[in-house]
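What follows is the residue order along each chain.
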Amino acid sequence: MLREYLPFWDRLTEGQRRRLEEGAAVRRFARGEMVYGGGTECAGLILPTEGQLRAYMLTDEGRELTLYRLFPRDMCLFSASCVLRGIQFDVLVEAERDTTALFLPAEVYQGLMEESAAVANYTSELMADRFSEVMWRMDQILSKKLDGRLAALLVEESRLAESASLRLTHDQLARHLGSAREVVSRLLKDFQNDGLVRLGRGGVELLDLPALEALASDSLR
């Protein structure tokens, strides 16, 4: 099974593969369940095989801010805090959908990084990609308007769901953006008045996707 998800698998020795296979564990999480709680916990490396995870951080005000999503074949390194000691912020991970994930023991993976250039290089590239995503998100918060960020979030959610009808509450949208629910609700009402969306109980319907994409142009990737 690991062969399908680890690009460096063919460059490992038989002994190294066996250590990974013996240490790997499969865990399942229901939508909304906490996968990794941050702090000093060292859960190992998380690799979803089905479903969708959300990595986020808490601001000093206690608000959530989504950093990135994890889809099948993505790997979360920040959950292995005992391996990546240079990380200076806590990342939490929750299941956005019912999810099955592989957990790779941190001590086994750390040993492979020390033994295998292929594993070390893969980890460095993945870490660079993750930090790039986090820095992009920070730039959005510091330099982009919230209405554009909200429009971008609605467009991104529509693409993920492959639907213009989103089962997302105002509170969920605010948590993604690291904003207050009241602020997001006011912006959504403005969007509705402009004919961009229709608000309903527990959901948002996108009525004018091109207009939302135009509004979100500086915040879409």
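In this text the structure is predicted, and so the values were computed from the model without any measurement. (Residues numbered from 1 in each chain as written. Predicted model: local features only at pLDDT ≥ 70, side-chain atom pairs only at ≥ 80, totals over all residues. Heavy atoms only, no water.)

Caption draft 1: Geometry of the domain arrangement of the protein. We note that the domain assignment places domain 1 (1-142) and domain 2 (143-214) within the protein. Using only C-alpha atoms to locate each centre, domain 1 and domain 2 end up separated by 28 Å. Between domain 1 and domain 2, the residue contacts involve 16 residues of the former and 14 residues of the latter. Taking both sides of the interface into account, the surface hidden between domain 1 and domain 2 amounts to around 1300 Å²; carbon and sulfur atoms contribute 38%. (Domains from an automatic or database assignment. Contact = heavy atoms within 4.5 Å. Buried area = accessible area lost by both parts, 1.4 Å probe.)

Caption draft 2: Structural detail: the environment of Arg-54. With respect to the helices, strands and loops of the structure, Arg-54 is situated in strand S4 (residues 53-58). For the pair formed by Arg-54 and Leu-104, sequence separation is 50 residues and the distance between their alpha carbons is 18 Å. Only 2.5 Å separates the side chain of Arg-54 from the side chain of Glu-64, close enough to count as a polar contact. (Helix = DSSP H or I, 4+ residues; strand = E, 2+ residues; numbered from the N terminus. Polar contact = N/O pair within 3.5 Å; in protein donor to acceptor, adjacent residues only side chain to side chain.)

Caption draft 3: Examining the packing of helix H4 (residues 146-161) against helix H5 (residues 170-177) more closely. At a closest axis distance of 11 Å, the pairing of H4 and H5 adopts a crossing angle of 110°. It follows from the interaxial angle that H4 and H5 lie roughly perpendicular. For the element pair H4 and H5, the recorded crossing hand is right-handed. Of the residues in H5, those in contact with Leu-146, Arg-149, Leu-150, Leu-153, Leu-154 and Glu-157 of H4 are Leu-173, His-176 and Leu-177. Considered class by class, the residues forming the contact of H4 with H5 number six nonpolar, one polar and two charged. (Axes fitted to C-alpha atoms, helices over the stretch in contact; angles between N-to-C directions. Parallel < 35°, antiparallel > 145°, perpendicular 65-115°, else oblique. Left-handed = near helix turned anticlockwise from the far one by under 90°. Nonpolar A, V, L, I, M, F, W, Y, C, P; charged D, E, K, R; others polar.)

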